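Residue-level structure breakdown
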Amino acid sequence: MSALDALRGWPPPVLDPAGPFAGPVTTVAWVLFAMGAVVLAIVLVATAAALFGPRRWRARLGGERLVWLGGFAFPVVVLTGLLIYGLTLTRDLSAPPAPGEVRVRVTGEMWWWRVGYLDARGGEAFQDANQIHIPPRAPVVLELEAADVIHSLWIPRLAGKLDMIPGRRNILRLQADRPGVYAAQCAEFCGGPHALMGLVVVAHEPRAYAAWQARQGRPATPLPSRGAEVFAAAGCGACHTVRGTAANGLAGPDLTHIGSRRTLGAGILPNHQGTLAAWVADSQALKPGNRMPAYPVLSGRDLRALAAYLEALK
Amino acid sequence: MRRWDGLCAGASAVILAAGLLAACADKGLPPRQLAGADPERGREIARRAACGACHDIPGVDWPKGRTGGSLAGFASRPLIAGRVPNQPQTLVRWLRDPSAIAPETGMPAVPLTTAEARDVAAFLYTLQ
Ligand SMILES: [Cu+2]
């Protein structure tokens, strides 16, 4: 399932929080909505009274006292209250990482996500892309950076939006109460195919998470194959890394375990041999303007061999 | 003048199309029935599997890839991929493993069960 599919449906994910860092955001949203509704009702009633009410009411409404109370004191009190309430609710969302917390560095690139899993000392243990794996029921610290322009990571069911700003590191905490797949989307226009810049967060049971981590940390061990030859000959390794092979490019997503990704093209397509072949042959038709060239030079056989090779990189 | 020309051309196109349709209906292509397959389910399966990554498929909004060509009018094509007779059983086999039928094809085996492939085939036969 692609991120686009996961964001469909009812209730909208933003109203359906699935963790303690998204819950407060939804609560604040509802409280603001309710306050807005109350204030709107008061204004409508006052307007109606001013237009159609008896002379005595209209005189009251036009008085200086009401302007000071309703136009100044009331907004100051209500907005200050809401601000304090909102800030206390969301205070813990961006505290710096504590020792022992799982740390993942997510870098926004035009138009995909570089994902580095950090070890205890903050060094990068291994890299992946376009999906974030987490253990459930534990807070995870995301360190958000940007490589080029401002992006924004929004995982509606797990956390609020937070911008990724070049030259800065913003901290976003998230936690999933249950294992599952949670969709995310870039929420700050970053040019070109910005709308096609998605991501999935996969929360695994602890055992499965450990297994995934061990597997993901290992280099790929591809057997010699036609697909591997095509990959080398087509120059894919200039932009992509496949750990354990000669491919060590950094301009595009790490492909060491591309076969185990759920999606392709930064969350937009399901991942199987068909979409892999489609992406390599003509990613420009699927995500116009993205930074990978189309390959109208591969034969049908080569394309299928390449797709099979990529899919086997589990 | 212009307008009339246009209208006439339009009208003759309609008549021609109607004639063609009638011709089809008359002589009839061999029936392409897949017992129990559901075209609507097939459309949703094709959407989810993103067959559109390579094909422009009427009824699937996005994506509209260019690698495999449009599937508009597939139901009235005599051949699958210009190679083998467009018959239901062949189509179901093609969808599950095209290279078994055409070793040079660029279309990889798409992960579909036989039941899913039958639904997708039924959907493809709705593309007039
Ligand atoms: Cu963006």
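Higher on the page you've got the structure.
About the cut-offs
Residues numbered from 1 in each chain as written. Chains lettered and ligands numbered in written order. Predicted model: local features only at pLDDT ≥ 70, side-chain atom pairs only at ≥ 80, totals over all residues. Heavy atoms only, no water. Helix = DSSP H or I, 4+ residues; strand = E, 2+ residues; numbered from the N terminus. Rg over C-alpha atoms; globule rule 2.2 N^0.38 Å. Buried < 20%, exposed > 50% of the residue type's maximum accessible area, 1.4 Å probe, protein only. Contact = heavy atoms within 4.5 Å. Lys, Arg positive; Asp, Glu negative; His and termini not counted. Charge placed at Lys NZ, Arg CZ, Asp CG, Glu CD. Salt bridge = Lys/Arg side-chain N within 4 Å of Asp/Glu carboxyl O. Pairing = 2+ DSSP bridges. Axes fitted to C-alpha atoms, helices over the stretch in contact; angles between N-to-C directions. Parallel < 35°, antiparallel > 145°, perpendicular 65-115°, else oblique. Nonpolar A, V, L, I, M, F, W, Y, C, P; charged D, E, K, R; others polar. Donors = N, O, S within 2.8 Å, 3.2 Å for Na, K, Ca; no water. Buried area = accessible area lost by both parts, 1.4 Å probe. Polar contact = N/O pair within 3.5 Å; in protein donor to acceptor, adjacent residues only side chain to side chain. Patch = residues over 30% accessible without salt bridge, like charges linked within 9 Å, V, L, I, M, F, W, Y side chains within 5 Å. Areas by Shrake-Rupley, 256 points an atom, 1.4 Å probe, with all protein chains shown as cover. Expected span 1.5 Å × (residues − 1). Bend = angle between axes of the 7 residues up to and from the residue. Phe/Tyr/Trp six-rings, centres within 6.5 Å; stacked < 30°, edge-to-face > 60°. Lys NZ or Arg CZ within 6 Å of the ring centre and 35° of its normal.

The number of helices and strands found in chain A is 8 helices and 12 strands. Its C-alpha radius of gyration of 25 Å places chain A more than 25% over the 20 Å reference for a compact globule of 314 residues. Across its three principal directions, the C-alpha atoms of chain A cover 90 × 45 × 35 Å. Counting over 314 residues, chain A shows a buried share of 47%. Excluding contacts between residues fewer than 6 apart, the proportion of contacts in chain A whose partners are at least 24 apart in sequence is 61%. The centroid of the 30 positive side-chain charges in chain A is displaced by 7 Å from the centroid of its 21 negative side-chain charges.

What follows concerns the pattern of salt bridges. Residues and elements named next belong to chain A. In this structure the tally under the stated criterion is 19 salt bridges over all chains. The partner of Arg137 in a salt bridge is Glu205, and the shortest N-O contact between them spans 3.1 Å. One end of the pair, Arg137, is in the loop between strand 4 (131-134) and strand 5 (140-146); the other, Glu205, is in the loop between strand 10 (198-203) and helix 5 (206-217), with 68 residues separating them in the sequence. Judged by its relative accessible area of 45%, Arg137 falls in the partly exposed class. Among the ionic contacts, a cluster of salt bridges with common partners joins Arg103, Arg105, Glu143, Glu145 and Arg169.

This brings us to the sheet that holds strand 6 (residues 151-154) of chain A. All names here are of chain A. Read from one edge to the other, the open sheet built from 5 strands follows the order 4-10-9-6-7, with strand pairing classed as mixed. Lying at the two open borders of the sheet, with one neighbouring strand each, are strand 4 and strand 7 (162-164). Between one strand axis and the next, the sheet turns through 25° on average, direction left out of account. Bridging between strand 6 and strand 9 (residues 180-186) involves 2 bridges; their strand directions are antiparallel. Across the sheet, Trp154 pairs through a bridge with Gln185, a residue of strand 9.

A word on the packing of helix 2 (residues 39-48) of chain B against helix 5 (residues 114-124) of chain B. Residues and elements named next belong to chain B. Closest axis-to-axis distance for the helix 2/helix 5 pair is 7 Å, and the angle between their directions is 105°. With respect to their mutual orientation, helix 2 and helix 5 come out roughly perpendicular. Contact residues: Pro39, Arg41, Gly42, Arg43, Ile45 and Ala46 in helix 2; Glu116, Asp119, Val120, Ala122 and Phe123 in helix 5. Residues of the contact of helix 2 with helix 5, tallied by class, amount to 6 nonpolar, 1 polar and 4 charged.

Quick look at the coordination of the copper ion now. Residues and elements named next belong to chain A. Protein coordination at the copper ion comes from Cys186 (SG), Cys190 (SG) and His194 (ND1), with a distance range of 2.1 to 2.2 Å. In primary-sequence terms, the residues that donate to the copper ion follow C-x3-C-x3-H. With relative accessibility at 5%, the residue Cys190 sits in the buried group.

The next subject is the interface of chain B and chain A. With 22 residues of chain B in contact, the opposing surface of chain A contributes 23 residues. At the boundary of chain B with chain A, total buried surface from both sides reaches about 1700 Å², with 59% on carbon and sulfur atoms. At the junction of chain B and chain A, the tally comes to 2 salt bridges. We note a salt bridge from B:Glu104 to A:Arg301, for which the minimum N-O separation is 2.9 Å. At the boundary of chain B with chain A, the tally comes to 6 residue pairs in polar contact (both at pLDDT 80 or more). Counted by class, the side of chain B that touches chain A contains 12 nonpolar, 6 polar and 4 charged residues.

Before going further, it helps to examine a nonpolar patch on the surface. All names here are of chain A. Taken together, Val14, Leu15, Trp30 and Phe33 make up a surface patch of nonpolar side chains, about 410 Å² in accessible area. Structurally, Trp30 is set in helix 2 (residues 23-52). Classification of Trp30 as partly exposed rests on a relative accessible area of 47%.

Another point: helix 4 (residues 64-89) of chain A. Residues and elements named next belong to chain A. With 26 residues, helix 4 extends 37 Å between its outermost C-alpha atoms, agreeing within 8% with the 38 Å of an ideal straight helix rising 1.5 Å per residue. At Ala73, helix 4 shows its largest bend, some 30°, and a proline, Pro75, comes one to four positions later. Among all positions of helix 4, only Val78, Leu82 and Gly86 are buried. Along its buried surface, helix 4 packs onto helix 2.

Moving on, we get to the packing of helix 6 (residues 226-233) of chain A against helix 8 (residues 300-312) of chain A. Residues and elements named next belong to chain A. Contact geometry of helix 6 with helix 8 gives a least axis separation of 7 Å together with a crossing angle of 100°. Of the possible angle classes, the one that applies to helix 6 and helix 8 is roughly perpendicular. Counting all contacts with helix 6, which are made through Arg226, Gly227, Ala228, Val230 and Phe231, the residues of helix 8 involved are Arg301, Asp302, Ala305, Leu306, Tyr309 and Leu310. Tallied by class, the residues present in the contact of helix 6 with helix 8 amount to 7 nonpolar, 1 polar and 3 charged.

Another aspect to go through is the packing of aromatic side chains. Residue and element names in this part refer to chain A. Counting across every chain of the model gives 8 aromatic pairs over all chains. Ring geometry for Tyr209 against Trp212: centres 6.0 Å apart, planes inclined by 25°, an arrangement best described as stacked. Here Tyr209 and its partner Trp212 are both found in helix 5, 3 residues apart, which amounts to about one turn of the helix. For Trp212, a relative accessible area of 3% corresponds to the buried category. Looking at Lys161, its charged tip hangs above the ring of Trp154, at a distance of 4.5 Å from the centre.

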